[in-house]
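If you want the building blocks of each chain, they are given just below.
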Amino acid sequence: MRSTLSGSNTTATHQHGTRGTRASDAQAKALLSLLADLAPGADRERVRGRLVELYMPLAEYLARRFRNRGEQLDDLVQVANLGLIKSVDGFDPNRGAAFTSYAIPMIVGELKRHFRDKGWDVRVPRRLQELRLQIGKVSGDLAQDLGRSPTVADLATRLGVSEEEVIEGLDCGQAYRALSLDAPVGDGEGGTNGLGDLLGDDDPDMRNVENREALRPLLARLPEREQKIIAMRFHGNLTQSQIAAELGISQMHVSRLLAGALRNLREQLTRED
């Protein structure tokens, strides 16, 4: 039994060699005919299981064509085997077609459905998934026709959709795989070990914006020397001794003036609240 793929699919048996795609063709053909005639029961299950076993190398071969797309090969093989089982159950030998001509599209379709429905970390509407695939198909042709990379407007015109839809289709590709917050970023030498270290957090100074704005006119009402002491203490980070030396007064005097000014500001803020 020779299996060929129409269109872009090449002859699977030739690519896969004699390891299993042809899988003892005479035996497989006889089993397929026998399966169609058997009533449900233990004998039918044994024949069905043997057929699945014979064509499992074909399923694995097709699964390997989809590797390196973010899914584990073992998972893809399981999906392909599921498509193979459906093919065995649904095949009708009386139609005269080769089993592999029926099974290969069935298995490939099962693999594509897996990527479409289960392979996305963030659920994306099927409309956008299909649009993303269409964008990928026409981008190469447009690049050759235009002699440059196609713009969003070029893609929208070719596909007959809006530019906003093209942008959505391009952006949805970012949802296929989500990065872990622990994913390493850079060389880690600057204190950044993971992606989570780059995420912003609440700025504690933002909570003080309202207080600072409320204090601004109150500070302007203080005597000039007290304004200067507060500025030197809280903006210049000078000690009371340094402020005293700068102003030519005693540290005790600085302490009294600072305490009085702060008490005055606190009382005015309280009254206004």
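Right above here is the structure, for reference.
What this report covers is the structure whose coordinates are included nearby. (Residues numbered from 1 in each chain as written. Predicted model: local features only at pLDDT ≥ 70, side-chain atom pairs only at ≥ 80, totals over all residues. Heavy atoms only, no water.)

On to a negative patch on the surface. On the surface, a cluster of negative charge is contributed by Glu163, Glu164, Glu168 and Asp171. Following the sequence through the fold, glutamate 168 ends up in helix H8 (residues 163-171). Take glutamate 168: its relative accessible area is 38%, and that puts it in the partly exposed class. (Patch = residues over 30% accessible without salt bridge, like charges linked within 9 Å, V, L, I, M, F, W, Y side chains within 5 Å. Areas by Shrake-Rupley, 256 points an atom, 1.4 Å probe, with all protein chains shown as cover. Salt bridge = Lys/Arg side-chain N within 4 Å of Asp/Glu carboxyl O. Lys, Arg positive; Asp, Glu negative; His and termini not counted. Charge placed at Lys NZ, Arg CZ, Asp CG, Glu CD. Helix = DSSP H or I, 4+ residues; strand = E, 2+ residues; numbered from the N terminus. Buried < 20%, exposed > 50% of the residue type's maximum accessible area, 1.4 Å probe, protein only.)

Once that is clear, we can look at the pattern of salt bridges. A complete count under the given rule lists eleven salt bridges for this structure. Put simply, aspartate 43 and arginine 46 hold a salt bridge, and the shortest N to O gap is 2.1 Å. Here the residue aspartate 43 and the residue arginine 46 both occupy positions in helix H3 (residues 42-64), the gap between them amounting to three residues, near one helical turn. For arginine 46, a relative accessible area of 54% corresponds to the exposed category. For arginine 64, the salt bridge is made with glutamate 60, and the minimal N-O distance between the two is 3.0 Å.

The next subject is the packing of aromatic side chains. To describe a pair of aromatic rings, you give the distance between the ring centres and the angle between the ring planes. In the structure shown here, the tally under the stated rule is three aromatic pairs. Ring centres 5.2 Å apart and planes at 90° place the aromatic pair phenylalanine 91 and phenylalanine 99 in the edge-to-face group. Note on phenylalanine 91: relative accessible area 12%, which makes it buried. You can call phenylalanine 99 buried: its relative accessible area is 0%. Put simply, the rings of Tyr55, Phe91, Phe99 and Tyr102 pair up and form one aromatic cluster. (Phe/Tyr/Trp six-rings, centres within 6.5 Å; stacked < 30°, edge-to-face > 60°.)

Right, let's talk about unusual backbone geometry for a bit. One non-glycine residue with positive phi stands out, namely asparagine 237, at about 55°. When you line up the elements, asparagine 237 lands in the loop between helix H10 (224-235) and helix H11 (240-247).

On to the nonpolar core, then. Core analysis: the biggest nonpolar cluster contains 29 residues, and Leu51, Tyr55, Leu62, Leu84, Phe99, Ile107 and Leu111 have the highest contact counts within it. Mapped by element, the contributors of at least two residues to this core are helix H2 (25-37), H3, helix H4 (73-90) and helix H5 (99-118). With ten residues, H3 is the single largest residue contributor to this core. (Core = buried A, V, L, I, M, F, W, Y, C linked by side-chain atoms within 4.5 Å.)

Further remarks concern the packing of helix H7 (residues 152-159) against H8. H8 packs onto H7 with a crossing angle of 105° between their chain directions and a minimal axis gap of 8 Å. By the angle between their directions, the pair H7 and H8 is classed as roughly perpendicular. Contact residues: Val152, Ala153, Leu155 and Ala156 in H7; Glu163, Val166, Ile167 and Leu170 in H8. Grouping the constituent residues of the contact of H7 with H8 by class yields seven nonpolar, no polar and one charged. (Axes fitted to C-alpha atoms, helices over the stretch in contact; angles between N-to-C directions. Parallel < 35°, antiparallel > 145°, perpendicular 65-115°, else oblique. Contact = heavy atoms within 4.5 Å. Nonpolar A, V, L, I, M, F, W, Y, C, P; charged D, E, K, R; others polar.)

Moving on, we get to a positive patch on the surface. Together, Arg65, Arg69, Lys112 and Lys137 make up a positively charged patch on the protein surface. Mapped onto the elements, arginine 69 comes out in the loop between H3 and H4. Taking the relative accessible area as the measure of exposure, arginine 69 reaches 46% and is therefore partly exposed.

Turning our eyes to something else, we now look at the layout of surface pockets. By volume, the second largest pocket amounts to about 430 Å³. In terms of lining residues, the second largest pocket is bounded by 13 residues, among which Asn211, Arg212, Leu215, Leu219 and His235 are the most central. For the lining of the second largest pocket, the elements supplying multiple residues, two or more each, are helix H9 (209-221), H10 and helix H12 (251-272). Sort the elements by how many residues they give to the lining of the second largest pocket and H9 lands first, with five residues. Here the lining of the second largest pocket is composed, by residue class, of seven nonpolar, three polar and three charged. (1 Å grid on protein atoms, 1.4 Å probe; cavity = no way out; pocket = protein on both sides within 12 Å on 5 of 7 lines; lining within 4 Å. Points joined across faces, edges and corners; volume = space filled by probe spheres on them.)

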